Amino acid sequence: MSGLIVTNPPRAHAEDVETLGGYGVATVHEGMGRTGSLGPGFRPIQQGVRIAGTAVTALCWPGDNLMIHAAVEQCREGDILVVTTTSPSTDGMFGDLFATALRYRGVRGLIIDAGVRDTADLRAMGFPVWSSAVCAQGTVKATAGSVNVSVVLGGQVVRPGDVIVADDDGVVCVPREQAGTAVKAAEERTAKEDASRAAFAEGQLGLDRYGLRETLERLGVRYQAYDEYARNGSVS
């Protein structure tokens, strides 16, 4: 593959990024119409951490972390490094040395569709990582890739400057042009959930609050007393 390093890509507005980070992955995902999730393959190496930032992307050759080194130079305060490979790889492409360099530049964390290692050290230094694998296998630095180009992780296109939100539930990507719209949608989603939470705390059922009794009826679901259910021979 040919090598390309794109410099100074547009980024989502910092205020929108910070606001989205306050809502969390599930709320942002739902507010955007259940879009943007990178799926269940990206798991945090730590718990209880939520980050949000703008994506700097690196496209690497499997088992080769050369372009991560190149990507570090392109990172700045408030970014999240997003790494994938041209074909599936579980090799440990990232460890505590990379994290030390990135933390100096104000990078908030890593999303990587490959392996990560030194996980105990990463947790100890407080550098958050979401990865598709944990593996001690080392890598080389020999093959050209690209930085700050569009990449695909978990079936989701991630472009440089897009908003990344990550927490215990996984990772979601918001296109940079839609960050403001996503903020409003997440705000509305939160208000709706707060109202439902208060109603449930007072004993209201979801069947009634969401009009689901009508749905059950439309689907042909019926209620039957246990005695009748037993008489019909449904109990063994």
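One structure accompanies this document, and this report is about it. (Residues numbered from 1 in each chain as written. Predicted model: local features only at pLDDT ≥ 70, side-chain atom pairs only at ≥ 80, totals over all residues. Heavy atoms only, no water.)

**With respect to the pattern of salt bridges**
For clarity, the cut-off: Between Lys or Arg on one side and Asp or Glu on the other, a salt bridge is scored when a side-chain nitrogen of the former is within 4 Å of a carboxyl oxygen of the latter. Secondary structure is summarised from DSSP: a helix means a run of H or I of at least four residues, a strand means a run of E of at least two, and numbering begins at the N terminus for each. The cut-offs for exposure are 20% and 50% of the maximum accessible area for each residue type, with area from a 1.4 Å probe on protein chains only; residues under the lower value are buried, those over the upper are exposed, and the others partly exposed.
According to the stated counting rule, one finds nine salt bridges in the structure shown. Two residues, Arg-159 and Glu-177, come together in a salt bridge whose shortest N-O distance is 2.6 Å. Taken together, the positions of Arg-159 in the loop between strand E10 (156-158) and strand E11 (163-167) and Glu-177 in the loop between strand E12 (170-174) and helix H6 (179-201) put the pair 18 residues apart, joining distant regions of the chain. The class of Glu-177 is exposed, set by a relative accessible area of 54%. Here Arg-197 makes a salt bridge to Asp-194, at a shortest N to O gap of 2.9 Å. With Arg-197 and Asp-194 both in helix H6, this residue pair falls three residues apart, about one helical turn. You can call Asp-194 partly exposed: its relative accessible area is 42%. Each of the salt bridges in this network shares a partner with another, and the network as a whole consists of Glu-30, Arg-189 and Glu-193.

**Description of the pairing of E12**
Consecutive side chains along a regular strand alternate between the two faces of the sheet. Put simply, the rule reads: A pair of strands is labelled paired if DSSP reports no fewer than 2 bridges between them.
Counted residue by residue, E12 has five buried out of five residues, so it is predominantly covered. Here E12 shows two buried faces, one formed by Gly-170, Val-172 and Val-174 and the other by Val-171 and Cys-173. As paired elements, E11 and E12 share five bridges and run antiparallel to each other. In the sheet register, Ile-164 faces E12, and the bridge partner there is Cys-173. Where E11 folds back onto E12 in an antiparallel hairpin, the turn is made up of two residues.

**Some details on H6**
As a reminder, the rule being used: Multiplying one less than the number of residues by 1.5 Å gives the expected span of a helix. Any two residues whose heavy atoms approach within 4.5 Å are treated as being in contact.
Its 23 residues give H6 an end-to-end C-alpha distance of 32 Å, which sits within 8% of 33 Å, the value for a rise of 1.5 Å per residue. If you follow the buried residues of H6, they end up packed against helix H1 (14-23), helix H2 (25-31), E11, E12 and helix H7 (206-209). The positive-phi residue at the C-terminal boundary of H6 is Gly-203, with phi of around 100°.

By themselves, these observations are geometric and do not establish any function.
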